Amino acid sequence: MKVHRAIVLVVMMLIGVGALILLTAAGIATFDSRSLIALVVVVVAAVIGGVAFSWQRYNRRS
């Protein structure tokens, strides 16, 4: 069951990254450097939050 959850989580993360790339690919040319920095900060914060949530949820010591 844990393997199934991990696979689903990885697939969802890949879909999210793919959607992010597709949705921002056309707009990147019009972004200035501050917009790109803000985008990177938000993505990094989301990754850290996701990893922290998953770590706390799935690595409990019983």
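Located above this text is the structure these notes cover.
Anyway, here's the lowdown on the structure attached to this text. (Residues numbered from 1 in each chain as written. Predicted model: local features only at pLDDT ≥ 70, side-chain atom pairs only at ≥ 80, totals over all residues. Heavy atoms only, no water.)

**A closer look at the overall build of the protein chain**
In step 1: Scanning the protein chain from N- to C-terminus turns up 2 helices and 0 strands.
In step 2: Scaling as 2.2 N^0.38, a compact globule of 62 residues should have a C-alpha radius of gyration of about 11 Å, whereas the protein chain reaches 15 Å, well beyond that.
In step 3: Along the longest, intermediate and shortest principal axes, the C-alpha atoms of the protein chain span 50 × 20 × 5 Å.
In step 4: Put simply, the protein chain has 62 residues, and 5% of those count as buried.
In step 5: Of the roughly 5,600 Å² of accessible surface on the protein chain, 74% is carried by carbon and sulfur atoms. (Helix = DSSP H or I, 4+ residues; strand = E, 2+ residues; numbered from the N terminus. Rg over C-alpha atoms; globule rule 2.2 N^0.38 Å. Buried < 20%, exposed > 50% of the residue type's maximum accessible area, 1.4 Å probe, protein only. Areas by Shrake-Rupley, 256 points an atom, 1.4 Å probe, with all protein chains shown as cover.)

**What about the environment of Val43?**
In step 1: Residue placement: Val43 occurs in helix 2 (residues 33–58).
In step 2: Looking at Val43, the relative accessible area reads 30%, which means it is partly exposed.

**What to know about the side chain of Ser54**
In step 1: Positionally, Ser54 belongs in helix 2.
In step 2: The class for Ser54 is buried, based on a relative accessible area of 18%.
In step 3: Setting aside residues no more than four positions away along its own chain, Ser54 makes contact with Leu9 and Asn59. (Contact = heavy atoms within 4.5 Å.)

**Here we look at a nonpolar patch on the surface**
In step 1: A contiguous nonpolar surface patch, about 460 Å² in accessible area, is contributed by Leu9, Val10, Met13, Leu14 and Tyr58.
In step 2: For the nonpolar patch, the element with the highest residue contribution is helix 1 (residues 2–25), accounting for 4 residues.
In step 3: Note that Leu9 resides in helix 1.
In step 4: Classification of Leu9 by relative accessible area gives partly exposed; the value is 34%. (Patch = residues over 30% accessible without salt bridge, like charges linked within 9 Å, V, L, I, M, F, W, Y side chains within 5 Å. Salt bridge = Lys/Arg side-chain N within 4 Å of Asp/Glu carboxyl O.)

**Let's talk about the environment of Ala6**
In step 1: The topology assignment puts Ala6 in helix 1.
In step 2: For the pair Ala6 and Val43, spaced 37 residues apart in sequence, the C-alpha to C-alpha distance is 20 Å.

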